[in-house]
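Each chain, written out:
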Amino acid sequence: MKKSPKIALIGNPNAGKSSLFNSLTGLRQKTGNFPGVTMDKLIGKWKLEKGDDASILDLPGIYSIYPKSVDEQVVINILANPQHPDYPDLAIVVADASNLKRNLLLFSQVRDLGIPTVLALNMIDVAESQGVVINSVKLARELNVEVAEINAKKGIGLNGLRLAVNKTIESGYNSNDSLPMDYDRAMIEVIKEKYGDTDDYHALLWLSEHNNLKQFDLVQRAGFEEIQEKYRWNTQDFQSKETMARYSQLTEIVDNCLHEMPIEEEPLNTWTDRLDKVFLHRFWGYFVFLGILFIMFQAIFTWATYPMDLIDGGIANLNDFLKSNLPPTKLTDLLTEGLIAGIGGVLIFIPQIAFLFLFISMLEETGYMSRVMFIMDKLMRRFGLNGKSVVPLISGVACAVPAIMSTRSIGSWKDRLITIMVTPLMSCSARLPIYTVLIALVVPEKSTLFGVFNLQGVALFAMYLLGFFMALLSAWIMKIILKVKERSYFIMELPSYKSPRFSHVMLTILNSTKAFVFEAGKVIVAISIVLWVLASYGPGDAMEEASIFVKAQNPTLSGIGITNKISSKKLENSYAGHFGKFIEPAIKPLGYDWKIGIALITSFAAREVFVGTMSTIYSLGGEANEENSTVMKRMRAEINPETGKPMYDMALGFSLLIFYAFAMQCMSTLAVTYRETKSWKYPTIQFVYMTGLAYISAFIVYQLLK
Amino acid sequence: MKTIADLKKGERGIIVNFTDDELSLKLLEMGCLPGTQVTMTHIAPFGDPIAVKVSGYILSLRKDEAATIVIA
């Protein structure tokens, strides 16, 4: 026996696989990436025997080994390839006892792949409440496999499972290679000869799914096509026949091991039925959904501000402390204004991201999310989207990166692609500080709408609606343009409602937030440092000349006045300043000058640096005093040199707001679009269409309001 | 030819066969086997998608998908 066996958790969606994973591993888990795909991989440690840790791999939920969506392909790419680094030594198939036959279909496929398999029977209590009693001893004998009865949610039966796993590892039980369906053995021999020795079921799987398997290159795939042709192979036909043959075998077994107690009629009055009467109602269904969205927005934009202020203050204090205690060198500047400011820019989003995942994971755990998909599907379909697009669009309000990753469950490529393309138009939390600053500049604070609603609040809400409607509009246009002949389908389970498990929700929040901090964080920190360098250095000795020049021009000035003048002259002469001047002609029609140009350029890497850049531009090196303590006050004091009026008037303010609402200014999003679509074509289109949309809209707004 | 799409809320039928080969595999995997009883349980607010009770759980599908499942 190997020192540390690799165990894979496999099962239908909603069978309790993730609950079992958390029960087994607790906090001893980490996220990683599957090689070649950026799908989150959860690995945990489980103590099998004394001093012997098994590594547990949680795989995405599947109904069969034939993949229908991207997340399902991950599973088959591991199971089909015994050379894969994640290929398990043993599989635990988690089965929902209340739906045994369907769950055993997957079990029988996994077992026939020759992977030693243990069957974990979950949700026996649910089955019993439906009047179904399962004789698991008999089931184990009929299936010739170790069966463990568990309650994944409560963590009951884990010792029995451990025993079953240990027994199976010791005996090393393998499939006996008698598959329930007919196939051409001569053909199998050809495959084995050409692609290496394996069991019959692997050979059949390779033949039918070779186009979805990364282990085969183009030449090998062409070889499979030849074999298919020679033996008149029909994949669809074979897979249907196989499924039917498995079911008829399983029906016999299940009927033998299952005792149905007569219960009075169908239990139509369960909690799930009662809740569905409300949640799927033509009026109350949408009412409840909007209510939940409202609370979610409250949490993200109101409750999250308290921890965000704390983080902000903490970073500022740390910077002040370092500045006053370290020697005033360039290195200190880089550390405080570049690195720590950059890290702060990432940490500040943690509360909002955490709140978002709190809601998303609760809604998913309870089973409510699939109801939302159910009532939204028809509406979304009109715009070329899918009921399942709702989750990415909502998540997009916090961050487009996890939102785009969550599109993997959408089975149709066209629906998924459109969802990926339009999700970044949803106003993400990185836009929030920009909206806040600009709205405060151009919308009067005291005014109200109908005497009730604060006008600034209304403006903020309008920005979010604008993003949402633009996403729908763009999706609708793409639906017309994209001529992909592929059917979209919406076949999914509506799971019964469950109460969310606190520890599970917390683990989801922890893992997702960690993924965000490290994925998006890398980019943001890098940009902050680059920005600092570009703003602190200039070509030749232009920077030194700036200070001499200003001193010569203003011989009478001293103190703060001269420092500010020098730093703004320095910025103008820095690399960043040159870039800003360079693009000024292009952005002049939108009302922007070279200073905003610098902010725009830096924002193309990550828009959240806008406010930081603005404060750098307007304050670099300057001492903060009472009059111009915040970015906002400094921006308000800025005078347009051409008109002599305040720079940030209505026209410029709204032009900038619209620009930031639509423009594609996030490298992390482009990177994730590339990884999810596996082509540079789509991030390029995304960048061009969104930025073009932003430019044209901002141009119209500025010219109308000017 | 009667299909699941023709059922009214609360009505039942027994699956006979499928008219769409591509969808049939997915439906089989989800537990829609010939000979199984289906009960229409929910119809979404705009008449589509629908949800049926089959093999002991609730399955949601679009109306045109339901129309590929022939029932008796």
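Quick caveat: nothing in here was measured; it's all calculated off a predicted structure. (Residues numbered from 1 in each chain as written. Chains lettered and ligands numbered in written order. Predicted model: local features only at pLDDT ≥ 70, side-chain atom pairs only at ≥ 80, totals over all residues.)

**Observations concerning the overall build of chain B**
Counted only if it meets this: Each helix is a run of DSSP H or I of at least 4 residues and each strand a run of E of at least 2, with the numbering of both proceeding from the N terminus. Neighbour counting defines burial: a residue surrounded by 20 or more other C-beta atoms within 10 Å of its own C-beta is buried, one with 12 or fewer is exposed, and intermediate counts give partly exposed, using backbone-placed C-beta atoms. Residues are scored as being in contact if the C-beta atoms we place from backbone atoms lie within 7 Å.
Regarding its fold elements, chain B presents two helices and five strands. Starting at the N terminus and ending at the C terminus, chain B contains elements arranged as β-α-β-β-β-α-β. Each principal axis of the C-alpha atoms in chain B carries an extent, and together these give about 30 × 25 × 20 Å. Evaluated residue by residue, chain B yields a buried proportion of 44% over its 72 residues. Partitioning the intrachain contacts of chain B with sequence separation of at least 6 by distance along the chain shows that 51% fall at a separation of at least 24.

**Description of the overall build of chain A**
Counting its regular elements, chain A contains 31 helices and 12 strands. Taking all 706 residues of chain A together, 43% fall into the buried category. Within chain A, counting contacts between residues at least 6 apart in sequence, those at least 24 apart form 71% of the total.

**Section: helix H6 (residues 158-171) of chain A**
Residue and element names in this part refer to chain A. How we decide: For a helix, the expected span equals 1.5 Å multiplied by the number of residues minus one. An arc is given here, and it is the one of the directions from the helix axis to the C-beta atoms.
Between the first and last C-alpha of H6 there are 20 Å, a value that for 14 residues agrees with the 20 Å anticipated at 1.5 Å per step. Of the positions making up H6, those classed as buried are Leu161, Ala164, Val165 and Ile169. The arc enclosing the buried residues of H6, seen along the axis, measures out at 130°, which places them on a common side. With respect to the buried face of H6, the exposed residues turned more than 90 degrees away are Asn159, Lys167, Glu170 and Ser171.

**Focus on the interface of chain B and chain A**
Rules: Two strands qualify as a pair provided DSSP detects at least 2 bridges between them.
With 28 residues of chain B at the contact, the number on the chain A side is 29 residues. For the side of chain B that touches chain A, the secondary-structure elements that each account for two or more residues are helix H1 (21-29) and strand S4 (57-61) of chain B. Of all the elements, H1 of chain B adds the most residues to the side of chain B that touches chain A, at nine residues. Note that strand S12 (residues 492-494) of chain A and S4 of chain B share three bridges and pair antiparallel. Across the sheet, the residue bridging to Met492 of chain A is Ser60 of chain B, located in S4 of chain B.

**Details of the nonpolar core**
As a reminder, the rule being used: For our purposes the nonpolar core covers buried Ala, Val, Leu, Ile, Met, Phe, Trp, Tyr and Cys residues that link as a set through C-beta atoms within 7 Å.
Core analysis: the largest hydrophobic core is formed by 195 residues, its most contacted members being Leu9, Val93, Ala95, Ala120, Leu121 and Phe662 of chain A. If we ignore the near neighbours within four places in the chain, the residues touching Val93 of chain A are Ile10, Gly11, Leu106, Phe107, Val110, Thr117, Leu119 and Ala120 of chain A.

**Remarks on the pairing of strand S3 (residues 50-54) of chain B**
Residue and element names in this part refer to chain B. Among the five residues of S3, four are classified as buried, and the element is accordingly described as predominantly covered. Pairing between strand S2 (residues 37-43) and S3: five bridges, direction antiparallel. Note that in S3 the partner of Thr39 across the bridge is Lys53. Between S2 and S3, which pair antiparallel in sequence order, lie six residues; one of them, Gly47, sits at a positive phi of approximately 85°. Bridge count for S3 against S4 is five bridges, and the pairing is antiparallel. When the bridges of S4 are listed, Val54 appears paired with Tyr57. Counted between consecutive antiparallel strands, the loop separating S3 from S4 contains two residues, among which Ser55 sits at a positive phi close to 45°.

**Some words on the sheet that holds S2 of chain B**
Formally: Axis definition: a line fitted to C-alpha atoms, limited for helices to the stretch in contact. Angles are taken between N-to-C directions and run from 0 to 180 degrees.
Spatial strand order, S12(A)-S4(B)-S3(B)-S2(B)-S1(B)-S5(B): six strands in an open sheet with antiparallel pairing. Lying at the two open borders of the sheet, with one neighbouring strand each, are S12 of chain A together with strand S5 (69-71) of chain B. Strand-to-strand twist across the sheet, computed as the mean angle between neighbouring axes with direction ignored, equals 45°.

**Regarding the pairing of strand S1 (residues 6-11) of chain A**
Residue and element names in this part refer to chain A. For S1, the buried fraction is high: five of the six residues fall into the buried class. Pairing between S1 and strand S5 (residues 90-96): five bridges, direction parallel. Bridging from a neighbouring strand, Leu9 pairs with Ile92 of S5.

**Let's talk about the confidence of the model for chain A**
Residue and element names in this part refer to chain A. For clarity, the cut-off: For every residue, the pLDDT score states the predictor's confidence, bounded by 0 at the bottom and 100 at the top.
The share of residues in chain A with pLDDT of 70 or more is 90%, and the mean pLDDT across the chain is 83. For chain A, per-element mean pLDDT is lowest for strand S2 (residues 29-33), which scores 59, and highest for helix H31 (residues 681-705), which scores 94. Across residues 34-38, where pLDDT falls below 50, the model places nine contacts with residues more than four positions away in sequence or in other chains. Contacts for the low-pLDDT stretch residues 620-628, under 50 throughout, to residues beyond four places or in other chains number 16 contacts.

**Quick notes on unusual backbone geometry**
In this model, Asp48 of chain B is joined to Pro49 of chain B through a cis peptide bond whose omega is -5°. Positive phi, normally seen in glycine, also occurs at Asn144 of chain A, with a value near 60°. Here Asn144 of chain A is to be found in the loop between helix H5 (136-143) and strand S8 (146-149). In this model, Ser55 of chain B sits at a positive phi of 45°, which is unusual for a non-glycine residue. Positionally, Ser55 of chain B belongs in the loop between S3 and S4. When the 17 C-beta atoms within 10 Å are taken as the criterion, Ser55 of chain B is described as partly exposed.

**A short note on the confidence of the model for chain B**
Detailed reading of the predicted coordinates is not advisable wherever pLDDT is low. The predicted model of chain B averages 90 in pLDDT, with 100% of residues at 70 or higher. Mean pLDDT across the elements of chain B ranges from a minimum in H1 of chain B, with 87, to a maximum in S5 of chain B, with 93.

**A closer look at the packing of helix H10 (residues 235-257) of chain A against H1 of chain B**
Selection rule: Reported orientations rely on four angle classes, namely roughly parallel under 35 degrees, roughly antiparallel over 145, roughly perpendicular from 65 to 115, and oblique for the rest. Throughout, a crossing is termed right-handed when the near helix is turned clockwise from the far one, and left-handed when it is turned anticlockwise from it by less than a right angle.
Two numbers describe how H10 of chain A lies on H1 of chain B: the axes approach to 10 Å, and their chain directions differ by 25°. As summarised for this structure, H10 of chain A and H1 of chain B are arranged roughly parallel, according to the angle between their axes. Relative to H1 of chain B, H10 of chain A is oriented so that their crossing is left-handed. Taken together, the residues of H1 of chain B that come into contact with H10 of chain A (itself represented by Gln236, Gln239, Ser240, Thr243 and Met244 of chain A) are Asp21, Glu22, Ser24, Leu25, Leu28 and Glu29 of chain B.

**Points about the packing of helix H30 (residues 667-677) of chain A against H31 of chain A**
All names here are of chain A. Selection criterion: Note that Gly is not counted as nonpolar here; it falls among the polar residues with everything else outside the nonpolar set of Ala, Val, Leu, Ile, Met, Phe, Trp, Tyr, Cys and Pro and the charged set of Asp, Glu, Lys and Arg.
Between H30 and H31, the least distance of the axes is 8 Å, while the angle of their chain directions is 145°. Both H30 and H31 take part in a crossing whose hand is right-handed. Between H30 and H31, the residues in contact are Leu670, Thr673, Tyr674 and Thr677 and Tyr682, Pro683, Gln686 and Phe687, respectively. Per-class residue counts for the contact of H30 with H31 are five nonpolar, three polar and no charged.

**Notes on helix H19 (residues 413-422) of chain A**
All names here are of chain A. Burial of H19 is extensive: eight of the 10 residues sit out of reach of the surface. Within H19, burial applies to Asp415, Arg416, Leu417, Ile418, Thr419, Ile420, Met421 and Val422. Summarising the contacts, the buried residues of H19 are in contact with helix H17 (390-395), helix H18 (400-405), helix H21 (455-481), H30 and H31.

**A closer look at the environment of Gly11 of chain A**
Position of Gly11 of chain A among the secondary structure elements: in strand S1. When sequence neighbours within four positions are dropped, the list of residues in contact with Gly11 of chain A reads Lys17, Gly61, Val93, Val94 and Ala95 of chain A.

**Digging into the environment of Lys192 of chain A**
Residue and element names in this part refer to chain A. Note on placement: Lys192 falls in helix H7 (residues 185-195). Note on Lys192: 16 C-beta atoms within 10 Å, which makes it partly exposed. In this structure the C-alpha to C-alpha distance between Lys192 and Ala203, which are 11 residues apart in sequence, comes to 6.8 Å. Beyond its immediate chain neighbours, meaning those up to four positions away, Lys192 contacts Asp197, Thr198 and Ala203.

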